[in-house]
Amino acid sequence: MLRGRMMDFPLTLTHLLDRATRYFPRSEVVTRLPDKSLRRATLGDVSARCGRLANALQRLGVGPGDRVATLCWNHQQHLECYLAVPAMGAVVHTLNLRLHPSEIAYIARHAGDKVLVCDRTLLPLWENVRAEAPGIEKVLVVPDAGPAPEGFLDYEALLAAESPHHAWPGLDEDSAAMVCYTSGTTGNPKGVVYSHRSTTLHAMALCMRDCVGVSEEDTVLPVVPMFHASAWGMPYAAVLAGAKLVFPGPHLDPTSLLDLMAGERATLAAGVPTIWLGILNLLDENPKRWDLTSVRSMVIGGSAAPPSLIDGFRRRHGLEVTHAWGMTETNPLGTLARVKRSAGDLGDAQRLEARASQGYAVPFVEVRHMAVAGDGAPVRLPWDGASMGELEVRGPWVASAYLGDEGSDKFTPDEWFRTGDVVTIDAEGYVRITDRAKDVVKSGGEWISSVALENALMAHPAVLEAAVFAGKHPKWDERPLAAVVFKPGQTATPDELRAWLEPRFAKFWLPDAYLTVEQIPRTSTGKFLKTRLRELYGEHLLKNP
Ligand code: ADP
């Protein structure tokens, strides 16, 4: 074999940092602080502060491979941890501040965290965690609302005392850069370990025009928390491209976000559907209040973006939504919904159908969906848009194992990752999630897609949000139930909702009951918490036959 004669140049995050320092030192990094004022810095400032942070951490005893945890909102110092910690050869571990303190402690212990960087405003949370996380020896407090209290190290004071120069070590591209835990909606949280290589390649993919297309000209607003699968890699892509970054800090309400988008002229924003649902509602009420002409795309993922949301933004406000699917285990981007040129003559309804799907796989991610044959052997399903099976993926930014080797059943013998999502794949490769395996409603042996029903219900003019889940049934085992949140001042009767769904679905798919609720319980990453819905209302049909 003739081997290629090209350099073996490691794909590391250090290169992103170097590149930003050299080429984009004037790109802005803007953070909204707890008091709502804006902190302005540049990538040049961030780069110098990364040197100071690495020196400070080294002085505190952080060495290669050590885990430095963060308990932070999205802000400039969190970005510094994202860059400096991996570049110094250590591993940044983003703790999810929405979890229960004992869960946070479990995760910190499991990951072996040694040092913590914590927002001052989140110290009350840390106080409830610390007793159960004795491995964390030092806590650096980001003084987002006054200096660090007695007994803590002040992040800014530590940086001020250090030199901005740090001799970044040469790193193996396969070494760990970040640890991120799944949110545990399917069992104990499991640690996913991103490598320098996986994160770098993923950032490059995000920069492709047919993907999110992050460019130097962009102003990127990651609304998705930096503790949720590295804010979908958006901060890294922005640094790689030299884009302007805008961080919302703790202010995630629709008004604050719209103020920030308009005020900073954001071009790209990314967040989960709930965030955008709130924003769409506010825009509908105040269509002229914000100038959003700078916005070129809003990336939505984490759970299914209802077609009515995508369509509403486009028709009523001229705003484009990019729907994407991913998981903590996939660094996280896997598929993204864009309409191919070859689909050019599709009508509006079919284009919306493509844009509301989970899309087709991004380069280097491969997908297949599987069923279990009668003899128990796994079989690949056809890409016919109808056969439902579990989605499996593989690629350079897909996990090959969890930290501590838990959950080995999620990896197939031929080295694919089992996502737990039930999907169809059509002939063009568009993936459509019909459910998470554990949320499928199994009625008399037939599978009913809760996601399809939810999307249809959310298109009803009076409905703000709807979740469909399995209720116990004496005859059919399970039947779909709908929990519905109405828009303020609006309502619809169960008969009206049923009539709305009837033309769209087979009769046996229609929910047996519509329960009006004030809000739908959610997981820490904004997904409908169907286990809770089942606990609360799962016996509704047994009690109300
Ligand atoms: P966890 O698995 O711990 O809840 P993740 O954020 O990793 O946290 O969740 C990944 C899951 O989120 C996917 O397996 C899928 O079920 C769901 N998901 C992500 N993006 C989408 C999307 N665009 N449409 C539907 N479901 C999605």
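To start, this report covers the structure provided alongside it. If you're wondering where the values come from, they're calculated on a predicted model, not measured in any experiment.

## Considerations on the overall build of the protein chain
Here comes step 1: Looking only at helices and strands, the protein chain features 16 helices and 26 strands.
Here comes step 2: By the compact-globule yardstick of 24 Å for 545 residues, the protein chain fits well, its C-alpha radius of gyration being 23 Å.
Here comes step 3: With respect to the three principal axes, the spread of C-alpha positions in the protein chain is 70 × 65 × 55 Å.
Here comes step 4: Of all 545 residues assigned to the protein chain, the portion counted as buried reaches 57%.

## Remarks on the sheet that holds strand S4 (residues 91-94)
Here comes step 1: Ordered by their spatial adjacency, 7 strands build an open sheet running S7-S6-S5-S3-S4-S8-S9, and the pairing between neighbours is mixed. In this open sheet, the two strands that pair with only one neighbour each are strand S7 (153-154) and strand S9 (191-195).
Here comes step 2: Sheet topology places strand S6 (residues 138-142) next to S7; 2 bridges connect them, and they run parallel. Bridge assignment links valine 141 to a residue of S7, and that residue is aspartate 154.
Here comes step 3: Of the strands in this sheet, strand S3 (67-71), S4, strand S5 (113-119) and strand S8 (176-181) touch helix H4 (residues 101-111), which is tilted by about 150 degrees from S8.

## Concerning the side chain of serine 450
Here comes step 1: One can find serine 450 in helix H13 (residues 450-458).
Here comes step 2: Judged by its relative accessible area of 0%, serine 450 falls in the buried class.
Here comes step 3: In terms of polar contacts, serine 450 uses its side chain to reach the side chain of lysine 530, at 3.0 Å.
Here comes step 4: For serine 450, the residues in contact, after removing those within four places along its chain, are Thr434, Asp435, Asp439, Val468 and Lys530.

## So, the packing of helix H9 (residues 254-263) against helix H10 (residues 273-285)
Here comes step 1: Taken N-terminus to C-terminus, the directions of H9 and H10 make an angle of 80 degrees; their axes are 9 Å apart at the nearest point. The angle between the axes of H9 and H10 places the two elements in the roughly perpendicular class. Along its contact with H9, which presents Pro254, Thr255, Leu257, Leu258 and Met261, the element H10 presents Ile275, Trp276, Gly278, Ile279, Leu282 and Leu283.
Here comes step 2: Looking at side-chain class alone, the contact of H9 with H10 contains 9 nonpolar, 2 polar and no charged residues.

## Description of the site of the ligand
Here comes step 1: Close to the ligand lie 19 residues; Ser183, Ala324, Thr328, Asp421 and Arg436 are nearest.
Here comes step 2: Between the ligand and histidine 323, the relevant distance is 2.9 Å, taken from a nitrogen atom to a side-chain nitrogen or oxygen of the residue.
Here comes step 3: Note that an oxygen atom of the ligand is positioned 2.6 Å from one of the side-chain N or O atoms of aspartate 421.
Here comes step 4: For the ligand, whose unbound accessible area comes to 570 Å², protein coverage reaches 96%.
Here comes step 5: Among the elements of the structure, strand S14 (321-326) and strand S21 (431-436) are those that each provide at least two residues to the shell around the ligand.
Here comes step 6: Looking at the shell around the ligand element by element, the count peaks at 4 residues for S14.
Here comes step 7: Residues belonging to the shell around the ligand are distributed by class as follows: 5 nonpolar, 11 polar and 3 charged.

## Topic: the packing of helix H1 (residues 13-23) against helix H8 (residues 234-241)
Here comes step 1: For the pair H1 and H8, interaxial distance at closest approach is 8 Å and the crossing angle is 45 degrees. Considering their axes alone, H1 and H8 lie oblique with respect to each other. Taken as a pair, H1 and H8 cross one another with a handedness that is left-handed. Where H1 abuts H8, its residues Leu13, Leu16, Arg19 and Ala20 lie against Tyr236, Val239 and Leu240.

## Looking at the side chain of aspartate 66
Here comes step 1: Tracing the backbone through its elements, the reader meets aspartate 66 in the loop between helix H2 (43-59) and S3.
Here comes step 2: A polar side-chain atom of aspartate 66 sits 2.8 Å from the main-chain amide nitrogen of glycine 63.
Here comes step 3: Beyond its immediate stretch of four places on either side in the chain, aspartate 66 contacts Gly61, Ala90, Val91 and Lys114.

## Considerations on the sheet that holds strand S18 (residues 378-380)
Here comes step 1: What the 5 strands build is an open sheet, ordered S18-S17-S19-S20-S21; its pairing is antiparallel. Edge positions in the sheet fall to S18 and S21, since each of these pairs with one other strand and no more. The average undirected angle you get between the axes of adjacent strands in this sheet is 50 degrees.
Here comes step 2: As judged from the 4 bridges shared by strand S19 (residues 389-394) and strand S20 (residues 417-425), these two strands associate in the antiparallel manner. The residue bridging valine 393 from the neighbouring strand is phenylalanine 417, located in S20.

## Some words on the packing of aromatic side chains
Here comes step 1: Scanning the entire structure with this criterion turns up 8 aromatic pairs.
Here comes step 2: Here phenylalanine 469 and tyrosine 537 contribute two aromatic rings whose centre-to-centre distance is 6.4 Å and whose plane-to-plane angle is 45 degrees, an arrangement assigned as tilted. Here phenylalanine 469 is found in strand S24 (residues 463-473), whereas its partner tyrosine 537 is found in helix H15 (residues 530-537), with 68 residues between them in sequence.
Here comes step 3: Residue class for tyrosine 537 comes out partly exposed when judged on its relative accessible area of 27%.
Here comes step 4: By the ring-pair criterion, three or more aromatic residues cluster together here, those being Tyr402, Phe411 and Phe417.
Here comes step 5: Above the ring of tyrosine 360, the side-chain terminus of lysine 340 is found at 4.9 Å from the ring centroid.
Here comes step 6: The side chain of arginine 504 reaches across the aromatic face of tryptophan 500, ending 4.5 Å from its centre.

Rules used in this analysis
Residues numbered from 1 in each chain as written. Predicted model: local features only at pLDDT ≥ 70, side-chain atom pairs only at ≥ 80, totals over all residues. Heavy atoms only, no water. Helix = DSSP H or I, 4+ residues; strand = E, 2+ residues; numbered from the N terminus. Rg over C-alpha atoms; globule rule 2.2 N^0.38 Å. Buried < 20%, exposed > 50% of the residue type's maximum accessible area, 1.4 Å probe, protein only. Pairing = 2+ DSSP bridges. Contact = heavy atoms within 4.5 Å. Axes fitted to C-alpha atoms, helices over the stretch in contact; angles between N-to-C directions. Polar contact = N/O pair within 3.5 Å; in protein donor to acceptor, adjacent residues only side chain to side chain. Parallel < 35°, antiparallel > 145°, perpendicular 65-115°, else oblique. Nonpolar A, V, L, I, M, F, W, Y, C, P; charged D, E, K, R; others polar. Near = heavy atom within 4 Å. Areas by Shrake-Rupley, 256 points an atom, 1.4 Å probe, with all protein chains shown as cover. Left-handed = near helix turned anticlockwise from the far one by under 90°. Phe/Tyr/Trp six-rings, centres within 6.5 Å; stacked < 30°, edge-to-face > 60°. Lys NZ or Arg CZ within 6 Å of the ring centre and 35° of its normal.

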